[in-house]
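Architecture and fold: a report
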Amino acid sequence: MNTIDKEKYNHLFIQLCDLSNRPNEFNRDDYIKCLDDICNLFYVTKGVTEFYTNTKFEAEGKGEILIDRDIGNADIVLVQKRIVPESGVVIKGTLYTSNDSPKLDDEELAMLDLVYRMVLSFVARNRLQRTVYQFAYFDEDGYPNRRAFMKYLYTKIVQNDMAGNTGICFNLKHFTLINQDIGRKNGDYVMRAFFNILKEEVGESGIVSRLGGDTFLIFAPTEKKEKLLEIFSGTLIRYDDNDESKVVRISARAGVYDVTEESGIEEPGQMIDKTHPAVHLAKQRGYNVVVYDKNMEEARNRVMKVRSDFASGISSGEFYAYYQPKVDVESGKVVGAEALCRWIHNGRMVMPMEFIPVLEMNKDICRLDFHMLEIVCRDIRRWMDEGRDVPRISVNLSRKHMTDMGLLEKLMEIIDKYNVPHEYIEIELTETTTDVEFKDLSRVVNGLQNEGVYTSVDDFGNGFSSLNLIRVIPWNVIKIDRTLLPVDNENSNSVTGLMYEHVVAMAHDMGLECITEGVETLAQVRILQKNKCRVAQGFYFDKAMPVEEFEKKLDGCPYLDKLR
């Protein structure tokens, strides 16, 4: 039995179609009134719309659930629809009625189904527009992203409204440790709270967005800079409303660029190009704030050139292993060497300080380290084939390798490729500064030990964790830093002299080989002899030299005269 007024239905359906197809003249109140009339016509007591970004979130129940109508009991499902457009979003809708409502026949249910499909299609179209905007200008955590920052700046540039504003790139200090201390969930809450404080200060006059991780961007009137830097200096944030002790202090390092009429910005990317290197310099040197200047641009250009030249240079064989001898201070014999990287580019030797720090900024240094190990293994193989007395050669390994879980396999693959006995290779590693790095270092050293490869701790005594480093990790060799070696005319009972004496004695007691770096005078050689440190490395004997020169030092006792 038909219970629906078809004439009224037709009138409302035409009205709904008309309202849905006026994108530029959409009247929300009229649209809601029309839907309300249709729901009353079909005895709909409740309507639920669900929106999910993708099917994975749908399965996990991570989405928006909206109660569009709720005027009575929802006992019976009248219509249930699910729409998945090509974009991958999911829109679901369910209409309910009560047991007391008149029953709809199949024709009437089909009429309601037609209306509801049109409504959900309209909702899908509008939600998709919002979703596209969300994907484009917000990251996965809901922060305005780099694209939002660039769009905002582009608008300001078009409006000629850049002067009198300040761009800031800032990085939260020690946020990894904060996450470890209070947990990731609380860490996310704290980051959001700090962001909201800055956003409130900037207001509608600027923008705060996230570049990635714990690095953010701000563009705001210059008059707000002082207050923003004050917030960066340290802000207490409470992350548990039920416990007043749950408080952390959040601070940040910042790179700043003030836009004036004379120093304008012609395109949005220039702001990041100026502020990001500044905050990187602040982090590198331990500053809180670095204001951009032209020298940074020149430095940035040098960095880009080094990276570009490195990529081509390593492929064309511009990098060489130079060997600095390790000398037995009793016999003058070469008992080892450290392989040091030298770069000859366009006929000029590029000094290590010009390129090593740049390569350390990313994983390029790892590629160079593997390249150096390959050169050393190739030289050792040739020396063995020539019947030479081959000493152990040490190769430096950057800390950047430490998080590489496949590092050991990569090192051994290179060594075994040239069939080099493992005991001919020594890997030099420096101290680490955090517990996480320490665990990685321990894993790497233990793995090398198990393969029979020697390991040495470089610059021992130059850091703050040296004693713990040799207490926990099973090194073969310690290389005593030059800062612990007394200089000429220094009293043997000086603090430096006593420290050197005890470090050497401790190494012997622990069964470690001991090398002293930075030996530059005969008087210092005598100190090594007195304290029974048998091996020296330094300019007194020789600087790092090309392989052809080093090979001449492998026979006999070439440095005996320097010991007399």
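A brief structural summary. (Residues numbered from 1 in each chain as written. Predicted model: local features only at pLDDT ≥ 70, side-chain atom pairs only at ≥ 80, totals over all residues. Heavy atoms only, no water.)

1. A short note on the environment of valine 291
With respect to the helices and strands, the residue valine 291 is situated in strand 11 (residues 289–291). Note: C-alpha distance between valine 291 and valine 472 (181 residues apart in sequence) is 42 Å. (Helix = DSSP H or I, 4+ residues; strand = E, 2+ residues; numbered from the N terminus.)

2. Here's the deal with the pattern of salt bridges
Following the criterion strictly, the structure yields 38 salt bridges and no others. For the salt bridge of glutamate 60 with lysine 56, the shortest nitrogen-to-oxygen distance reads 2.9 Å. Taken together, the residues glutamate 60 and lysine 56, both in helix 3 (residues 55–60) and 4 residues apart, mark about one turn of the helix. When its relative accessible area of 38% is taken as the criterion, glutamate 60 is described as partly exposed. Beyond isolated ion pairs, a larger network of salt bridges with shared partners links Lys326, Glu338, Arg392, Glu426, Glu428, Lys479, Glu513 and Glu517. (Salt bridge = Lys/Arg side-chain N within 4 Å of Asp/Glu carboxyl O. Buried < 20%, exposed > 50% of the residue type's maximum accessible area, 1.4 Å probe, protein only.)

3. Quick word on the packing of helix 11 (residues 352–359) against helix 12 (residues 364–385)
It is at 7 Å that the axes of helix 11 and helix 12 come closest, and there the two elements cross at 120 degrees. Taken together, the axes of helix 11 and helix 12 are oblique relative to one another. In contact with Phe355, Ile356 and Leu359 of helix 11, helix 12 contributes Asp364, Ile365 and Leu368. Grouping the amino acids of the contact of helix 11 with helix 12 by side-chain chemistry returns 5 nonpolar, no polar and 1 charged. (Axes fitted to C-alpha atoms, helices over the stretch in contact; angles between N-to-C directions. Parallel < 35°, antiparallel > 145°, perpendicular 65-115°, else oblique. Contact = heavy atoms within 4.5 Å. Nonpolar A, V, L, I, M, F, W, Y, C, P; charged D, E, K, R; others polar.)

4. Concerning the pairing of strand 15 (residues 392–396)
Of all 5 residues in strand 15, 4 are buried; the element is thus mostly enclosed. Two elements, strand 13 (residues 334–345) and strand 15, share 4 bridges in a ladder whose sense is parallel. Bridged to glycine 336 within strand 15 is arginine 392. Of the strand pairs in this sheet, strand 15 and strand 16 (residues 425–429) are connected by 4 bridges, and their pairing is parallel. Bridging from a neighbouring strand, asparagine 396 pairs with glutamate 428 of strand 16. This β-α-β element, strand 15 to helix 13 (residues 407–417) to strand 16, shows right-handed connectivity. (Pairing = 2+ DSSP bridges. Right-handed = clockwise from strand over helix to strand, strands pointing away.)

5. As for the state of the cysteines
Overall, the coordinates contain 0 disulfides when judged by the stated rule. Left without a disulfide partner, cysteine 17 is nearest to the cysteine sulfur of cysteine 34, which lies 8.9 Å away. No disulfide involves cysteine 533; its sulfur sits 3.7 Å from the nearest other cysteine sulfur, which is in cysteine 514. (Disulfide = S-S within 2.5 Å.)

6. Structural notes on helix 16 (residues 495–509)
Taking 1.5 Å per residue as the helical rise, helix 16 with its 15 residues ought to reach 21 Å, and the 21 Å between its terminal C-alpha atoms agrees with that figure. Turning to helix 16, its buried residues number three or more, namely Gly497, Tyr500, Val503, Val504 and Ala507. Buried positions in helix 16, seen along its axis, are confined to an arc of 130 degrees and lie on one side of it. The exposed residues of helix 16 that point more than 90 degrees off its buried face are Val495, His502 and Asp509. Contact partners of the buried residues in helix 16: strand 17 (454–460), strand 18 (477–480), strand 19 (513–517) and helix 17 (522–530). Downstream of helix 16 by a residue or two, glycine 511 has a phi angle that is positive, lying close to 75 degrees. (Expected span 1.5 Å × (residues − 1). Arc of directions from axis to C-beta.)

7. What about a negative patch on the surface?
Side chains of Glu409, Glu413, Asp416 and Glu451 sit close together on the surface and give a patch of like negative charge. Topologically, glutamate 409 is positioned in helix 13. (Patch = residues over 30% accessible without salt bridge, like charges linked within 9 Å, V, L, I, M, F, W, Y side chains within 5 Å. Areas by Shrake-Rupley, 256 points an atom, 1.4 Å probe, with all protein chains shown as cover. Lys, Arg positive; Asp, Glu negative; His and termini not counted. Charge placed at Lys NZ, Arg CZ, Asp CG, Glu CD.)

8. Examining the sheet that holds strand 2 (residues 64–70)
In any sheet, the strands associate via hydrogen bonds between backbone groups, in a parallel or an antiparallel arrangement. A sheet is described by the order of its strands in space; here 4 strands give the open sequence 2-1-4-3, paired in antiparallel fashion. Lying at the two open borders of the sheet, with one neighbouring strand each, are strand 2 and strand 3 (76–83). Put simply, the sheet's adjacent strands are angled 15 degrees from each other on average, direction ignored. Bridging between strand 3 and strand 4 (residues 90–97) involves 7 bridges; their strand directions are antiparallel. Opposite glutamine 80, over in strand 4, you have threonine 94 as the bridge partner.

9. Considering helix 11
For the α-helix, the turn length of 3.6 residues means that residues three or four positions removed from each other point alike. All of the buried residues in helix 11 are Phe355, Val358 and Leu359. With its buried residues spanning 95 degrees around the axis, helix 11 presents them on a single face. Contacts from the buried residues of helix 11 go to helix 10 (294–315), strand 12 (319–328), strand 13, strand 14 (348–350) and helix 12.

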